[in-house]
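Each chain, letter by letter, is given below.
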Amino acid sequence: MRTVELVCSAGLDGAVRSAWDRLAAAGLPSLARNTHPTNRPHLTLAVVDEFPPGAQHRLIELFDAALPAPVTLDRIVVLDGSAPLVWLVRPAPALTALHAAVWGVLADADGHRPWHAPGAWVPHLSLALRFRDADLRLARAVAGGQRPTGEFVQARSYDGTDRTVTPLTAGSGSPRRA
């Protein structure tokens, strides 16, 4: 499995991590408890089984032209009532166009995850996994009512098979083992 993700600017990353910490301190599920080195706030644009030939190079070109991209977070919701607690991302036209372009690059890939497809995709930054809708009111109070802004400044891919993160922006180096 290979992901295509956008990484937050330092200020936005800090705001999300602060919400993670507040949720954990309140005894609620939180990604603050995930200490894996690859765990960081990110926006997933696509997930496929493997990149088709040449796709990684085309993605790097795409992201180098499109980033940084401004972002504003919206409200906190539970997806599907018993799934991730997320901070919705306002889908600005530039972000929606970037998402569609990524899917264009990956058109020939196998194993597309349909919930990331254009038209079905709900852009968000995850705060907790397996969250109960019944705890949403408390989670919103604990995480805060602010609507942080920032930028997506880099792109990366996580390889679920060998647990490496590969930068998808030029000059970012080679894959890092996680």
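Coordinates for the structure precede this section.
### Examining helix H4 (residues 136-143)
Piece 1. When we look at burial in H4, the residues that qualify are Leu136, Ala139, Val142 and Ala143. Across the axial projection of H4, the buried residues extend over an arc of 125°, all falling on one side. Turned more than 90 degrees off the buried face of H4, the exposed positions are Arg137 and Ala141.
Piece 2. Where H4 ends, the next residue or the one after it, Gly144, has phi of about 105°, a positive value.

### Quick notes on helix H2 (residues 55-66)
Piece 1. End to end, H2 covers 16 Å across 12 residues, agreeing with the expected 16 Å (1.5 Å per residue, within 8%).
Piece 2. Among all positions of H2, only Ala55, Leu59, Ile60 and Phe63 are buried. Down the axis of H2, the sector holding all buried residues measures 135°, keeping them to one side. Away from the buried face of H2 by more than 90 degrees, exposed residues His57 and Ala65 are located.
Piece 3. Buried residues belonging to H2 abut strand S1 (2-8), strand S2 (42-48), helix H3 (93-105) and strand S6 (149-159).

### Structural notes on the pattern of salt bridges
Piece 1. This structure, assessed with the given rule, holds seven salt bridges.
Piece 2. Close ionic contact of Asp13 with Arg17 constitutes a salt bridge, the shortest N to O distance being 2.6 Å. In this pair, Asp13 and Arg17 are both assigned in helix H1 (residues 10-25), four residues apart and thus about one turn of the helix distant.
Piece 3. Asp13 gets classed as buried once you look at its relative accessible area, which sits at 11%.
Piece 4. Salt bridges here are not isolated pairs; linked through shared partners, they connect Asp13, Arg17 and Arg40.

### Notes on the environment of Ala109
Piece 1. Here Ala109 lies in the loop between H3 and strand S5 (124-128).
Piece 2. The class of Ala109 is buried, set by a relative accessible area of 8%.
Piece 3. Between the C-alpha atoms of Ala109 and Pro93, which are 16 residues apart in sequence, the distance is 25 Å.
Piece 4. Not counting the four nearest positions on each side in its chain, Ala109 is found in contact with Val48, Glu50 and Pro52.

### Concerning unusual backbone geometry
Peptide bonds are, in most cases, trans, and in most cases residues other than glycine have a negative phi.
Piece 1. Geometrically, the link from Leu67 to Pro68 is a cis peptide bond, its omega value of 5° lying close to zero.
Piece 2. Relative to the helices and strands, Pro68 is located in the loop between H2 and strand S3 (69-78).
Piece 3. Even without glycine at this site, Arg130 takes up a positive phi of about 50°.
Piece 4. Note on placement: Arg130 falls in the loop between S5 and H4.
Piece 5. Backbone geometry at Arg163 places phi at a positive 55°, although glycine is not the residue there.

### Brief notes about the pairing of strand S4 (residues 85-89)
Piece 1. Counted residue by residue, S4 has five buried out of five residues, so it is predominantly covered.
Piece 2. Pairing of S3 with S4, which is carried by four bridges, proceeds in the antiparallel orientation. When the bridges of S4 are listed, Leu73 appears paired with Val89.
Piece 3. Taken together, the four bridges between S4 and S5 define a ladder with antiparallel strand orientation. Each bridged residue has a counterpart across the sheet, and for Val86 the counterpart in S5 is Ser126.

So, how was this worked out
- Residues numbered from 1 in each chain as written.
- Predicted model: local features only at pLDDT ≥ 70, side-chain atom pairs only at ≥ 80, totals over all residues.
- Heavy atoms only, no water.
- Buried < 20%, exposed > 50% of the residue type's maximum accessible area, 1.4 Å probe, protein only.
- Helix = DSSP H or I, 4+ residues; strand = E, 2+ residues; numbered from the N terminus.
- Arc of directions from axis to C-beta.
- Expected span 1.5 Å × (residues − 1).
- Contact = heavy atoms within 4.5 Å.
- Salt bridge = Lys/Arg side-chain N within 4 Å of Asp/Glu carboxyl O.
- Pairing = 2+ DSSP bridges.

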